[in-house]
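Summary of the model geometry
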Amino acid sequence: MRTAYSVQTVRAAEQELMARLPEGALMQRAAAGLAVACGDLLGRVYGSRVVLLVGSGDNGGDALYAGARLARRGAGVVAVLLTPERAHQGGLAALRRAGGRVSHDALRDIAWADLVVDGIVGIGGRGGLRPEAAQLARSARESALVLAVDLPSGTDADSGEVSGEAVRADATVTFGAYKPGLLIDPARERAGALRLVDIGLTLPEDAEVEALQHADVAELLPRPVAESDKYRRGVVGVVAGSARYPGAAVLAVAGALRGGAGAVRYVGPARDAVLARFPETLVHAGPPDKAGRVQSWVIGPGIGDESGALEDVLASDVPVLVDADGLRLLTPQRIRRRTAETLLTPHAGEAAALLGRGRGEIEAARLASVRELAERYAATVLLKGSTTLVAAAGGPVRVNPTGTGWLATAGSGDVLSGLTGSLLAAGLTAHDAGSVGAYLHGLAARRAAGPDGAPITSLEVADHLGAAWRDVTV
């Protein structure tokens, strides 16, 4: 599992470690790891041309010391000092001793560079780049490979927010721990490939942000045993679809069946469409509380204004996932009075409506938004989007690393709802079900799109869920 920690937590760990090390030792550890990453990105060091964009403070010092190491290996290294009077003096002296030099024509030097190292602003930076730095960052992006030190300058380490111009890197080397902003858009897309350099920090067990990997998902996935029957594996109740949107019911049922449910009980007016595609579905005219026993409910995709069904489902004592149209009918009080878990799965527009904000505000501050939703509704919230986030009040936020732009297609959220509902029915917590569901959903979409990427339908995504399941368990 990738774990990410706030700037405050990382700073405290650094201070604790520096108190036990010789002066400057921690920076030398960071610089050594940075120099290795530069060499790997270049392919060869000797004869290469490297430009360092150096701001004030330790971030610039890391770049300067790494540049000195590269210069000693035969690279031509030039430092562009954005604030010369505040440049790290020890790092600057080391660079000069190794044969590096200070630039007198930054744009010319950048135009000739093979690699530009972004050491402008460290993890404590706030706001976008200043005009001079922004111009250098744009020139670097047009001319060379760009490697960011700890995080792309101009992005927010704690939130992933980008409030102005920011560096767009091909790779980012971060020290000691991942920072939340490296895993969350819009900052994530500017970070490129991530590389973590271990500098010996001792960090708390509980992180601010987590990103599951294959092994974590494999451990959480429910597996049938010899004594299993369809009821022990979990029965999902699906309330979805309408005369106008029968396909929403088909897609939600597809996600539930492909997600490992022992059985699916469908309640709604799209009975014929569901049975035509999935004859194994157990159908009922409704209301939901008369449909038979289930271990979880999924409600919302394509239901229109069917508030009566929502009241029935929310009154149940099993986990409930609310998506799409169901979200429009919610109030915090309706959710807070439930005793079983509730999982809300909005996209940015739906989250904006739930919080009374503009969609742009949600997309610009995804981490803060999902945390606020989880607190306000006392529920687990899966915020869909370029970075899917799963938050439960008081716990770490899970970041899904498998998403793909090919999921931006009609009905993909309906498949995700059914899939996640099947995991709830199998006994996973809402936090785990949302995280695992999003992970498998992304893998299935990647498989459906193929290695070169191609347009896909939501039903194709559902059809690839079994393969995604095998991907994480083999």
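Residues numbered from 1 in each chain as written. Predicted model: local features only at pLDDT ≥ 70, side-chain atom pairs only at ≥ 80, totals over all residues. Heavy atoms only, no water.

- Where an unreviewed UniProt entry is consulted, the protein appears under the name Bifunctional NAD(P)H-hydrate repair enzyme, with the organism given as Streptomyces sirii.
- Under the UniProt heading Subunit (unreviewed entry), the note attached to the protein is "Homotetramer." (UniProt positions renumbered as here; feature names shortened; annotations may be inferred.)

Thoughts on the environment of Leu330
- As for its position among the elements, Leu330 is in the loop between helix 13 (325–328) and helix 14 (332–336).
- Assessed through its relative accessible area of 9%, Leu330 is described here as buried.
- Through-space distance from the C-alpha of Leu330 to that of Val162 is 31 Å; in sequence the pair is 168 residues apart. (Helix = DSSP H or I, 4+ residues; strand = E, 2+ residues; numbered from the N terminus. Buried < 20%, exposed > 50% of the residue type's maximum accessible area, 1.4 Å probe, protein only.)

A word on the sheet that holds strand 5 (residues 115–119)
- Reading across the sheet, the 7 strands line up as 4-3-2-5-6-7-8 and stay open at both edges, with parallel pairing between neighbours. The two strands at the open ends of the sheet, each matched to only one other strand, are strand 4 (101–102) and strand 8 (193–197). (Pairing = 2+ DSSP bridges.)

Quick word on the pattern of salt bridges
- Across all of its chains, the model carries 27 salt bridges by this definition.
- Ionic pairing is found between Arg357 and Glu372, a salt bridge with its closest N-O pair at 2.8 Å. Of this pair, Arg357 sits in the loop between helix 15 (348–355) and helix 16 (359–364) while Glu372 sits in helix 17 (residues 366–377); the two residues are 15 residues apart in sequence, bridging distant segments of the chain.
- Arg357 sits in the partly exposed class, given a relative accessible area of 33%.
- We note a salt bridge from Arg359 to Glu363, for which the minimum N-O separation is 3.1 Å. Note that Arg359 and Glu363 are positioned in helix 16 at a spacing of 4 residues, about one turn of the helix.
- A residue is classified by how much of its surface remains accessible, and Arg359, at 44% relative accessible area, is partly exposed. (Salt bridge = Lys/Arg side-chain N within 4 Å of Asp/Glu carboxyl O.)

Section: the UniProt feature "binding site: AMP" (unreviewed entry) in the protein
- Under the local residue numbering, the UniProt record ascribes the feature "binding site: AMP" (unreviewed entry) to Lys384, Gly385, Ser386, Thr387, Thr388 and Gly413. In summary, the annotated positions, though distributed over 30 residues, converge in three dimensions, the widest C-alpha pair being only 14.0 Å. Taking the annotated residues in turn, Lys384, Gly385, Ser386, Thr387, Thr388 and Gly413 line the second largest pocket.
- Topologically, Gly385 is positioned in the loop between strand 16 (380–383) and strand 17 (389–391).
- Turning to its location among the elements, Thr388 is positioned in the loop between strand 16 and strand 17.
- Beyond its immediate chain neighbours, meaning those up to four positions away, Thr388 contacts Arg366, Leu382, Leu383, Arg398, Val399, Asn400 and Ala438. (1 Å grid on protein atoms, 1.4 Å probe; cavity = no way out; pocket = protein on both sides within 12 Å on 5 of 7 lines; lining within 4 Å. Contact = heavy atoms within 4.5 Å.)

Some points on the side chain of Asp432
- Inspection of the secondary structure assignment puts Asp432 in helix 19 (residues 430–449).
- A polar side-chain atom of Asp432 sits 3.1 Å from a polar atom in the side chain of Arg398.
- Discounting residues that sit within four places of it in the chain, Asp432 has contacts with Leu220 and Arg398. (Polar contact = N/O pair within 3.5 Å; in protein donor to acceptor, adjacent residues only side chain to side chain.)

Observations concerning the UniProt feature "domain: YjeF N-terminal" (unreviewed entry) in the protein
- Residues annotated by UniProt as "domain: YjeF N-terminal" (unreviewed entry) correspond here to residues 10–207.
- Its end C-alpha atoms 11 Å apart, residues 10–207 is made of 37% helix and 17% strand.

Here's the deal with empty space enclosed by the protein
- Following the criterion strictly, the structure yields 1 cavity of 30 Å³ or more and no others.
- Lining the largest cavity are Glu210, Ala211, Leu212, Val390, Arg398, Val399, Asn400, Pro401, Ser435 and Tyr439.
- Contributing elements (two or more residues each) for the lining of the largest cavity: strand 9 (209–211), strand 18 (397–399) and helix 19. (Points joined across faces, edges and corners; volume = space filled by probe spheres on them.)

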